[in-house]
Amino acid sequence: MGSHRRGGPTAVLAAERPSLTDTLPQRPVRDRYFDTLRAVALVRVVTYHTFGWAWCGMVFPSMGIMFGLAGTLMAKSLERPALKVVRSRLRRLLPPFWFWGFFVVLAMLIHGWMPRHYNIVFWIVPFGDPPGNKWGVQAWEILWYLRTYLWFVLLSPLLLKVFRLARVPVLLLSLAPILVLNFVWSGPEGRLGNELWDFSTYLFCWILGFAHRDGVLERLKPAVVVVLSLAAIGYGGWYAFTHQGEVGTYDLDEIPLAQAFWSAGFVMLLFWAKSSFGIDFAWLTRFQRLDRVVTIFNARAVTIYLWHEIALILAVPLIDQFWNVPAFEKYLPLESQWFMFGIGWVLIAVFVLACGWVEDVAARKRPRLLP
């Protein structure tokens, strides 16, 4: 996925937790609405990377949603000292990344890759796109999300202070950088340019997370929110379809300006609905198996995101072996992408069991096969 292809998330993906009561100590209650959005976002990422359907991002702009959720949680966390919060985010994200990266780098070394530049440091802290070879690109191209998330984390103490100086104006102005990059100055070449484009594309969604945390959306008139949201969605969709000739598709992941505005309007509606109507999806707890799946997706979000492309890569040679079994060849739809989608999820489940414990270690919890 190039610098403007979007798929998918991370410790960034932890759920918002309401405050404890001031009386009896109790376990924090997770917000199942946000947990469900995050789980659906991960499913959409895997679906997109399996089928490549351009319309997926319009039906559910998962990356914008995940950046919005992360911004909300970051604003809540910054009620504590900023340095401690940033260190905590890095600690929770980097060990799963290092564990995953060890196998990816080892595989690329086996296939003839040799790092020859200082940018190997991005395999330690992914503040920039790490180097690699074409053999491993499908595995590591998803790291744009971690890179962009880390930059948001580092800048959030400053961004939150600026936001609270003039909440609504700053929220609206957060769309200005992507407009500048698209119409005025396309930014520098190379890594810095990629970082600026990705940061600008999802800046509104991150700031919107701040706005949700501070109760800005629920104080706005419903008509204003709906009109602004639909206008942003309409502009994003119009721009995508009228400029598909330039990139060969209307896929939002290939058109940053369209992605920025479509995600802005979509995520604003989701967050406003939660603030205004008090949506919490508490009913989900009545369906134990479904609730359990949502819990696992949220507790293992980093693992699912990092390993899902490798699972899809491995699904292909695995299915190739099925052709050697006459019964499989006769009765299984081995040529179907849906079958590959299913095998991909089986392998993702294997990776969750085999590698998910690293997230527990990173969070300073007792390692478990499943949360």
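Engineer: So what's going on with the overall build of the protein? Which residues, and what values?
Structural biologist: Within the protein, the regular secondary structure consists of 18 helices and zero strands. A principal-axis box enclosing the C-alpha atoms of the protein has dimensions of 65 × 55 × 45 Å. Relative to its 371 residues, the protein shows a buried fraction of 53%. Carbon and sulfur atoms provide 67% of the accessible area of the protein, an area that totals close to 17,500 Å². Here the protein carries 35 positive and 24 negative side-chain charges, and the mean point of each set is 10 Å from the other.

Engineer: Account for a positive patch on the surface, naming residues and giving values.
Structural biologist: Residues Arg-80, Lys-84, Arg-87 and Arg-364 make up a contiguous surface patch of positive charge. With respect to the helices and strands, Arg-364 occurs in the segment after helix H18 (357-362). The exposure class of Arg-364 is exposed, given its relative accessible area of 67%.

Engineer: Tell me about the nonpolar core, residues and numbers included.
Structural biologist: Core analysis: the largest hydrophobic core is formed by 104 residues, its most contacted members being Phe-67, Trp-100, Trp-123, Phe-163, Trp-206 and Leu-208. Here the element with the most residues in this core is helix H13 (residues 256-277); it accounts for twelve residues. Ignoring any residue separated from it by four or fewer positions in sequence, one finds Trp-100 in contact with Trp-123, Ala-139, Trp-140, Leu-143, Leu-306, Trp-307 and Ile-310.

Engineer: I'd like to hear about the packing of aromatic side chains, residue by residue, with values.
Structural biologist: What the rule picks out here adds up to 45 aromatic pairs. Ring centres of Tyr-33 and Phe-281 lie 5.2 Å apart, and the angle between their planes is 85 degrees; this geometry places the pair in the edge-to-face category. Of the two residues, Tyr-33 sits in helix H1 (residues 32-51) while Phe-281 sits in the loop between H13 and helix H14 (288-299), which places them 248 residues apart along the sequence. Given the relative accessible area of 6%, Tyr-33 is considered buried. Looking at Phe-281, the relative accessible area reads 22%, which means it is partly exposed. Between the aromatic rings of Phe-97 and Trp-123, the centroid separation amounts to 6.2 Å while the plane-to-plane angle is 5 degrees, which identifies the pairing as stacked.

Engineer: Tell me what's going on with the side chain of Ser-77, and back it up with residues and numbers.
Structural biologist: Relative to the helices and strands, Ser-77 is located in helix H3 (residues 62-77). Ignoring anything within four residues of it in the chain, the contact list for Ser-77 reads Val-85 and Arg-89.

Engineer: Mind laying out the side chain of Ser-229, listing which residues take part and the relevant values?
Structural biologist: One can find Ser-229 in helix H11 (residues 222-242). Polar contacts involving the side chain of Ser-229 include one to the main-chain carbonyl oxygen of Val-225, which spans 2.8 Å. Once residues lying within four places of it in the same chain are set aside, the contact partners of Ser-229 are Gly-265, Met-268 and Leu-269.

Engineer: Go over the packing of H3 against helix H6 (residues 144-163), please, and point to the residues and values.
Structural biologist: Any two packed helices are characterised by the angle at which their axes cross and by the distance between the axes. Interaxial distance between H3 and H6 falls to 11 Å at its minimum, and their mutual angle equals 35 degrees. Seen along the crossing, H3 lies across H6 with a hand that is right-handed. For the pair H3 and H6, contact is made by Met-63, Met-66, Phe-67, Ala-70, Met-74 and Ala-75 and by Trp-144, Tyr-145, Thr-148, Tyr-149, Phe-152, Val-153, Ser-156 and Leu-160, respectively. Of the residues belonging to the contact of H3 with H6, the class tally is twelve nonpolar, two polar and no charged.

Engineer: Describe the pattern of salt bridges, listing the residues and the values that go with them.
Structural biologist: One pass over the structure, following the stated rule, counts ten salt bridges. When the shortest N-O distance is used, the salt bridge between Asp-35 and Arg-38 registers 3.4 Å. Remark: Arg-38 and Asp-35 occur in helix H1; sequence separation between them is three residues, near one turn of the helix. Here the residues in one salt-bridge network are Arg-32, Asp-35, Arg-38 and Asp-291, joined through shared partners.

Engineer: Could you give an account of the confidence of the model for the protein, with specific residues and numbers?
Structural biologist: Summarising the model, the protein shows a mean pLDDT of 91, and 92% of its residues fall at 70 or more. Confidence over residues 1-27 falls short of pLDDT 50; this stretch has 87 contacts with residues more than four positions distant or in other chains.

The rules we used
- Residues numbered from 1 in each chain as written.
- Predicted model: local features only at pLDDT ≥ 70, side-chain atom pairs only at ≥ 80, totals over all residues.
- Heavy atoms only, no water.
- Helix = DSSP H or I, 4+ residues; strand = E, 2+ residues; numbered from the N terminus.
- Buried < 20%, exposed > 50% of the residue type's maximum accessible area, 1.4 Å probe, protein only.
- Areas by Shrake-Rupley, 256 points an atom, 1.4 Å probe, with all protein chains shown as cover.
- Lys, Arg positive; Asp, Glu negative; His and termini not counted.
- Charge placed at Lys NZ, Arg CZ, Asp CG, Glu CD.
- Patch = residues over 30% accessible without salt bridge, like charges linked within 9 Å, V, L, I, M, F, W, Y side chains within 5 Å.
- Salt bridge = Lys/Arg side-chain N within 4 Å of Asp/Glu carboxyl O.
- Core = buried A, V, L, I, M, F, W, Y, C linked by side-chain atoms within 4.5 Å.
- Contact = heavy atoms within 4.5 Å.
- Phe/Tyr/Trp six-rings, centres within 6.5 Å; stacked < 30°, edge-to-face > 60°.
- Polar contact = N/O pair within 3.5 Å; in protein donor to acceptor, adjacent residues only side chain to side chain.
- Axes fitted to C-alpha atoms, helices over the stretch in contact; angles between N-to-C directions.
- Left-handed = near helix turned anticlockwise from the far one by under 90°.
- Nonpolar A, V, L, I, M, F, W, Y, C, P; charged D, E, K, R; others polar.
- pLDDT = per-residue confidence, 0-100.

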